[in-house]
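# What the coordinates show
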Amino acid sequence: MLNLKSILKDIPLPIRLFLGKALLLFIIWKVIYSGFMYDSQYLDHPLTTHVAEASASLLNNIGMSGFTSKREKTTIVFEGAGTISHLSAIYHDDYKTLNIANACNGLEIFVLYIGFIICMPSSFWRKTKYIVLGILILDAINILRCVGLIYLIEYFEVYFDFAHHYLFKAMVYTTTLIIWGYFARKIHLKNETVQIG
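What you see is a predicted model; the values in this text were computed from it and never measured.

### Description of the overall build of the protein
Per the secondary structure count, the protein includes six helices and three strands. Listed N to C, the secondary structure of the protein is α-α-α-β-β-β-α-α-α in terms of helices and strands. Residue pairs in contact within the protein that sit at least 24 positions apart in sequence constitute 61% of those at least 6 positions apart.

This is how it looks when you write it as C-alpha cells:
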C-alpha cells in the first residue's frame with residue numbers, strides 16, 4: 001500500500017512549495033471567479049469580444065473579406081433547464097460561422113500561466129516581463145486558433161471537430177509549456193531558501 005507521507009518526503013522541498021503555492025492560487029482564483037466574477041462578466045465580456053473582433057479583423061486583412069463580429073445572447077438547454085449565455089459570434093456575409101463562448105476566450109489559460117509564473121522563484125521584473133509577453137503570445141495564438149477554425153468551417157468542415165477539440169487545444173497548451181520552459185530555464189529550485197519559524 002502506498003504511504004502518502006513517504007511519497008511527499010521524497011519530493012524535494014522547493015517542488016512541494018511550488019506545487020502548494022500553485023494549488024493555493026488555483027483555489028483562490030476559482031473561489032473569486034465562481035463567487036464574484038462569473039455572473040458579472042467583468043473579465044469575460046471584454047476578452048470574448050476582443051477575440052471575436054480581432055479574429056474577424058484578421059480574416060478581413062488576409063484576403064477573406066466580409067467577416068464581422070457581434071455580441072449575442074443565446075439560451076442553452078441542459079437537462080431540461082434553460083440558461084441565458086452571452087457569447088460573441090463571427091459572421092461571414094450575414095451567415096454565422098463561429099460562436100466564441102466565454103470558456104473559449106483564453107482567460108483560464110492566462111490565469112494558469114500567470115499562476116505558474118508567480119509561483120516560480122525569480123525577480124519581480126523578470127516575472128512581469130514573462131507575464132506580459134506570455135499573455136500577448138497566448139492571446140495571439142487564441143486568435144489564430146479562431147481564425148483557423150473559421151477557415152476549416154469555410155473550406156474543410158470535415159476537420160473542424162478534430163481541430164476544435166484536439167489539434168488547436170494542443171497548440172495552445174504546447175505554446176504555454178514552451179513559454180514556461182523558457183522562463184524556467186534559468187531557475188534553480190535547489191537554491192530557493194526556506195525560512196522556518
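### Observations regarding the pattern of salt bridges
As enumerated under the stated definition, the model contains two salt bridges in all. With its nearest N and O atoms 3.5 Å apart, the salt bridge here joins Lys30 to Glu108. One end of the pair, Lys30, is in helix α2 (residues 13-37); the other, Glu108, is in helix α4 (residues 107-119), and 78 residues separate them in sequence. Owing to a relative accessible area of 31%, Lys30 belongs among the partly exposed residues under this scheme.

### Digging into the packing of α4 against helix α6 (residues 160-184)
Two numbers describe how α4 lies on α6: the axes approach to 11 Å, and their chain directions differ by 15°. The angle between α4 and α6 places the two elements in the roughly parallel class. Helix-helix and strand crossings are classified by hand; for α4 and α6 the assignment is right-handed. In contact with Ile109, Leu112, Tyr113, Phe116 and Ile117 of α4, α6 contributes Val172, Tyr173, Thr176, Ile179, Trp180 and Phe183. Split by residue class, the contact of α4 with α6 holds ten nonpolar, one polar and no charged.

### Focus on α6
A rise of 1.5 Å per residue sets the reference length of α6, with its 25 residues, at 36 Å; its end C-alpha atoms lie 34 Å apart and thus fit the reference within 8%. When we look at burial in α6, the residues that qualify are Phe160, Ala163, Phe168, Val172, Thr175, Thr176, Ile179, Trp180 and Phe183. Those residues of α6 hidden inside the fold are in contact with β3 (95-101), α4 and α5 (124-155).

### Overview of the confidence of the model for the protein
Model confidence for the protein is summarised by a mean pLDDT of 83, while 86% of its residues fall at 70 or above. Predicted confidence in the protein is weakest over helix α1 (residues 4-10), with a mean pLDDT of 70, and strongest over α5, with 94. Low confidence marks residues 191-197, where pLDDT is under 50. Its contacts with residues over four positions away, or in another chain, come to five contacts.

### Quick word on the nonpolar core
Core analysis: the biggest nonpolar cluster contains 23 residues, and Phe110, Tyr113, Ile117, Tyr130 and Phe183 have the highest contact counts within it. No other element matches α4, which puts six residues into this core. Not counting residues within four places of it along the chain, the set of residues in contact with Phe110 comprises Leu47, Ile135, Leu138 and Asp139. One finds Val51, Leu98, Ile143 and Val147 within the second-largest nonpolar core, a separate group that totals 19 residues.

About the criteria used
- Residues numbered from 1 in each chain as written.
- Predicted model: local features only at pLDDT ≥ 70, side-chain atom pairs only at ≥ 80, totals over all residues.
- Heavy atoms only, no water.
- Helix = DSSP H or I, 4+ residues; strand = E, 2+ residues; numbered from the N terminus.
- Contact = heavy atoms within 4.5 Å.
- Salt bridge = Lys/Arg side-chain N within 4 Å of Asp/Glu carboxyl O.
- Buried < 20%, exposed > 50% of the residue type's maximum accessible area, 1.4 Å probe, protein only.
- Axes fitted to C-alpha atoms, helices over the stretch in contact; angles between N-to-C directions.
- Parallel < 35°, antiparallel > 145°, perpendicular 65-115°, else oblique.
- Left-handed = near helix turned anticlockwise from the far one by under 90°.
- Nonpolar A, V, L, I, M, F, W, Y, C, P; charged D, E, K, R; others polar.
- Expected span 1.5 Å × (residues − 1).
- pLDDT = per-residue confidence, 0-100.
- Core = buried A, V, L, I, M, F, W, Y, C linked by side-chain atoms within 4.5 Å.

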